[in-house]
Amino acid sequence: MNGKPLVSIVSAGLSKFGKHEGLFAREIFSLAVKEAFDRCPKLDPKRDIKALFIGHMGESYEHQGHMGAAAADWAGLLGIPATRTEAACASSGAALRSGVYAVLSGLADVVMVGGVEKMTHRTTAEVTEYLAMASDYPFEQFHGITFPGLFALMATAHMNAYGTTQEQMAKVAVKNHHHASLNPKAHMQKEITVENVLASKMVAWPLKIYDCSLITDGASCIILTKPEIAGKFTDMPVHIVGSGQASDTIGLYERKTLTSLQSAKLAAKTAYEMAAVKPEDVNLAEVHDCFTFAEIMAYEDLGFCKVGEGGKLVVEGKTALGGRLPVNTSGGLKAKGHPVGATGVAQAYEMYLQLTGQADKRQVKDAQVGLTHNVGGSGATATVHVYRSDQA
Amino acid sequence: MSTQAPFTIEQFYKYLAEGKLMAGKCLKCGKIHLPPRPLCDNCYGQDFEWTEVSGKGKLLTYTIIHVAPPQFQTLAPYAVGIVQLENGLKIPGMISGVQQEQLKVGLELTIDFAACSAGQAWPQWQRYCFRQT
């Protein structure tokens, strides 16, 4: 591999992220699908789309499994092979990776990949329990360890090893809330301060409620094609030039280190090599900030800074809009929202907007190379994708 | 030591209820598995023996859970951590009887086998926890 396009994104859609009272997941998905179809009038969905992969994490929320077929039906695509992918919060990162496999295999020239989750109709306690299902049962869930708890365990280890602080973590929340205020589709629209974060209610020490991503409803989708035929559908394709996915132990306690995610490092290595891109070549990134600390760790795992210096990077403003490497211009999981199954492809949607110059108030100037980083569970799955604009 | 007991997570909890912290040792490559597993991930061996592990260790990292799942809400806030045992293996669990201000990385802890069992339909295992050594 030498940086050639693997697949091309010819269209993308995203529902508003937030509360969709009275809607089922499949109905929210149809909102994202409609935007993707409207953006691409040369696409005839029923004729052209040959497969659907959809990320969806939990049957528990709606007592509804088997989302592949349900989503295909509500997208007006019945008949095509439709498969749900599940890798916890990386469910649609895995759907994207599956779409890449499908196109590169030659079995499908055009595929839809997407993701969806409907969460806000459940209580926080219920959502806490459902999310925890993505962690180890017999040694983590059975002992009352929650999802925020797992990331808190990593944060404590990082603070102890490198002196990372709660103020540095708070800066991630402040930055991503600011970005979200420029994104009309983000769940959160208001700016916050470091003081707001530090004074907010404790969830799992040292993580407070403003360190946590949001319980959100939402859906995402993109249309992938073989690069050779992308021009049939659009004058502005975005190419995926690197795709990595990796796994690690389901239990956090079994990992060799608690201060980085080996799955993310492995997935990044694969994606960077395929793309012939180095971390310093990346112009912008959407990373998996399920908790503020997770964004700091992502900087280090992706090679955006030295190990232990992630906190410093955000404090210096380098990852804010206007900085050297803007991260989570959409608002991220933290402030755009985290409908878990939708997140991986929602990150790809932001890359599509940015690399085609359609990101409006949050547009990164002259962006040519982008990266998305989607983490499942406490890091048992990670996917990393590298994107290039057609002009690059 | 009997080698008849299956090398499973359920058996691990059965031994815990007897006050024993037991790991599986692969007879082919020597890797020690905590929890035990029926197929060695290192050499794919299927022959193991039980080996008793010291329940003493040091705290690697910790957190205090304030927002808990429904089953654990009556306990919140509660401390959990990952403990590195004397043989180097790691195991997570609740930490009982230690004030939050006294929690720190490196704290010496010992497993308590008869701890904080919350009733539930499945699995009906006894929980362990850790206490200051």
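Going by the structure above, here's the rest.
Report on the accompanying structure.

Definitions and limits used
- Residues numbered from 1 in each chain as written.
- Chains lettered and ligands numbered in written order.
- Predicted model: local features only at pLDDT ≥ 70, side-chain atom pairs only at ≥ 80, totals over all residues.
- Heavy atoms only, no water.
- Helix = DSSP H or I, 4+ residues; strand = E, 2+ residues; numbered from the N terminus.
- Buried < 20%, exposed > 50% of the residue type's maximum accessible area, 1.4 Å probe, protein only.
- Areas by Shrake-Rupley, 256 points an atom, 1.4 Å probe, with all protein chains shown as cover.
- Lys, Arg positive; Asp, Glu negative; His and termini not counted.
- Charge placed at Lys NZ, Arg CZ, Asp CG, Glu CD.
- Rg over C-alpha atoms; globule rule 2.2 N^0.38 Å.
- Contact = heavy atoms within 4.5 Å.
- Salt bridge = Lys/Arg side-chain N within 4 Å of Asp/Glu carboxyl O.
- Buried area = accessible area lost by both parts, 1.4 Å probe.
- Polar contact = N/O pair within 3.5 Å; in protein donor to acceptor, adjacent residues only side chain to side chain.

**A short note on the overall build of chain B**
Here is step 1 of the chain: Helix and strand counts for chain B stand at one helix and eight strands.
Here is step 2 of the chain: Helices (α) and strands (β) of chain B occur, in sequence order from the N terminus, as α-β-β-β-β-β-β-β-β.
Here is step 3 of the chain: Here chain B holds 133 residues, and the buried ones make up 47% of them.
Here is step 4 of the chain: Carbon together with sulfur atoms contributes 48% to the accessible area of chain B, which is approximately 6,600 Å² in total.
Here is step 5 of the chain: Distance between charge centroids for chain B: 4 Å, based on 12 positive and 10 negative side chains.

**Concerning the overall build of chain A**
Here is step 1 of the chain: For chain A, the helix and strand inventory stands at 13 helices and 11 strands.
Here is step 2 of the chain: The C-alpha radius of gyration computed for chain A amounts to 19 Å, which stays within 12% of the reference 21 Å derived for 392 residues, consistent with globular compactness.
Here is step 3 of the chain: Expressed as a percentage of contacts within chain A between residues at least 6 apart in sequence, the contacts between residues at least 24 apart total 77%.
Here is step 4 of the chain: Within the structure as shown, chain A displays about 13,200 Å² of accessible surface, and the carbon and sulfur contribution to it stands at 53%.
Here is step 5 of the chain: Charged side chains of chain A number 37 positive and 39 negative; the gap between the two group centres comes to 3 Å.

**Looking at the pattern of salt bridges**
Here is step 1 of the chain: For the structure shown, the criterion picks out 19 salt bridges over all chains.
Here is step 2 of the chain: The salt bridge involving Lys118 of chain A is made with Asp217 of chain A; its shortest N-O contact spans 3.3 Å. Here Lys118 of chain A, found in the loop between strand 4 (110-117) and helix 5 (124-132), pairs with Asp217 of chain A, found in the loop between strand 6 (207-208) and strand 7 (218-225); they are 99 residues apart in sequence, far enough to count as distant.
Here is step 3 of the chain: With relative accessibility at 0%, the residue Asp217 of chain A sits in the buried group.
Here is step 4 of the chain: Between Asp112 of chain B and Arg131 of chain B there is a salt bridge, with the nearest N and O atoms lying 2.6 Å from each other. Remark: Arg131 of chain B occurs in strand 8 (residues 127-132) and Asp112 of chain B occurs in strand 7 (residues 108-115); sequence separation between them is 19 residues.
Here is step 5 of the chain: Judged by its relative accessible area of 36%, Arg131 of chain B falls in the partly exposed class.

**Thoughts on the interface of chain B and chain A**
Here is step 1 of the chain: Each side of the interface is counted separately: chain B has 37 residues, and chain A has 31 residues.
Here is step 2 of the chain: Buried area between chain B and chain A, both sides added, is near 2,800 Å², and the carbon and sulfur share of it is 69%.
Here is step 3 of the chain: For the chain B face of the interface with chain A, the top three residues by lost area are Val67, Lys90 and Pro92 of chain B, together amounting to 19%.
Here is step 4 of the chain: Where chain B meets chain A, there are one salt bridge.
Here is step 5 of the chain: A salt bridge links Arg37 of chain B to Glu254 of chain A; the nearest nitrogen and oxygen atoms lie 3.9 Å apart.
Here is step 6 of the chain: For the interface between chain B and chain A, the tally reads 13 residue pairs in polar contact (both at pLDDT 80 or more).

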